[in-house]
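Understanding the architecture of this molecule
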Amino acid sequence: MPRYLIHIGRHKTGTSSLQKFLFQNMTGLHAQGMFYPQAGLQGIAHHALAKCFPRSGRLVQKAEDQVSIRRLIGDLRKEVSGFDGRVLLSSEAFQNVIPSALAERFAPHRTTVIVYLREQLSYIISSYQQKVQATELIGTVSDFAARTRLDYCRFMHEWQIVFGKENLLVRPYNQQFLFSGDVISD
């Protein structure tokens, strides 16, 4: 029975680089006991799977999401059937999932939740710059910061209650603390 590693992001912590590496090295990782499955992939990450789960702030799960999650979980179980190593799922969209909903499909005692946290001011500036470039955002960085939830203690507490402290791997997204200075090596 596999052990699941679910990388939930967060945004602006090298997730795209990490996912690109995982996607491009599926075969080599598999040979080393790490399975990066195709089930639930949207592009290079498991966004399709993550987006089916109920999300914080949304009271009702869409019927089509309920159908999709059953199908994608079924596909995932088939794909990893007989594999006894680690199965890694990665999508920053998992950060918005209600932790208890994820625990219904991935047993907490067989699942490790991986999250990278970026220093809040650095996160705000990087996110703001990206929003300005990608959208027609009008407003100051202060306005943007006021609308951005960055209470990491509260965020992590919700995951800890469901998965247990022993099943959380929380890492700082800071070059001086990452193994070899980057998120892929870490």
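Look above for the structure.
The notes below deal with the structure included here. (Residues numbered from 1 in each chain as written. Predicted model: local features only at pLDDT ≥ 70, side-chain atom pairs only at ≥ 80, totals over all residues. Heavy atoms only, no water.)

In this section: the side chain of His47. Tracing the backbone through its elements, the reader meets His47 in helix 3 (residues 47-50). Using a relative accessible area of 17% as the deciding quantity, one classes His47 as buried. For His47, the contacting residues outside a window of four places in its chain are Gln19, Gly40, Gln42, Ser91 and Glu92. (Helix = DSSP H or I, 4+ residues; strand = E, 2+ residues; numbered from the N terminus. Buried < 20%, exposed > 50% of the residue type's maximum accessible area, 1.4 Å probe, protein only. Contact = heavy atoms within 4.5 Å.)

This part covers the pattern of salt bridges. Counting across every chain of the model gives two salt bridges. The salt bridge partner of Arg71 is Asp75, with a shortest N-O separation of 3.7 Å. Separated by four residues within a single helix, Arg71 and Asp75 lie in helix 4 (residues 63-80), roughly one turn from each other. Asp186 is the partner of Arg171 in a salt bridge, and the nearest nitrogen-oxygen pair spans 2.6 Å. Within this pair, whereas Arg171 is found in strand 5 (residues 168-172), its partner Asp186 is found in the segment after strand 5, the two being separated by 15 residues in sequence. Taking the relative accessible area as the measure of exposure, Asp186 reaches 28% and is therefore partly exposed. (Salt bridge = Lys/Arg side-chain N within 4 Å of Asp/Glu carboxyl O.)

One turn of an α-helix holds 3.6 residues; hence residues three or four places apart share an orientation. Of the residues making up helix 1 (residues 15-24), those classed as buried are Thr15, Leu18, Gln19 and Leu22. What you see down the axis of helix 1 is that its buried residues fit within an arc of 95°, all on one side. Elements in contact with the buried residues of helix 1: strand 1 (3-7), helix 2 (26-31), helix 3 and strand 3 (86-90). (Arc of directions from axis to C-beta.)

What follows is about the layout of surface pockets. Space inside the largest pocket adds up to approximately 420 Å³. If you go around the largest pocket, you meet 19 residues; those closest to its centre are Arg10, Gln95, Asn96, Arg149 and Phe155. Per-element tally for the lining of the largest pocket: the top contributor is helix 8 (residues 152-163), with five residues. The residue inventory of the lining of the largest pocket, partitioned by class, reads seven nonpolar, six polar and six charged. (1 Å grid on protein atoms, 1.4 Å probe; cavity = no way out; pocket = protein on both sides within 12 Å on 5 of 7 lines; lining within 4 Å. Points joined across faces, edges and corners; volume = space filled by probe spheres on them. Nonpolar A, V, L, I, M, F, W, Y, C, P; charged D, E, K, R; others polar.)

Within a beta sheet, neighbouring strands are joined by backbone hydrogen bonds and run either parallel or antiparallel to one another. Within the open sheet, the five strands sit side by side as 2-3-1-4-5. Their pairing is parallel. Among the strands making up the open sheet, the edge pair consists of strand 2 (34-35) and strand 5. The strands touched by helix 4 are strand 1, strand 2 and strand 3; relative to strand 1, the strand with the most contacts, the crossing angle is about 130°. (Pairing = 2+ DSSP bridges. Axes fitted to C-alpha atoms, helices over the stretch in contact; angles between N-to-C directions.)

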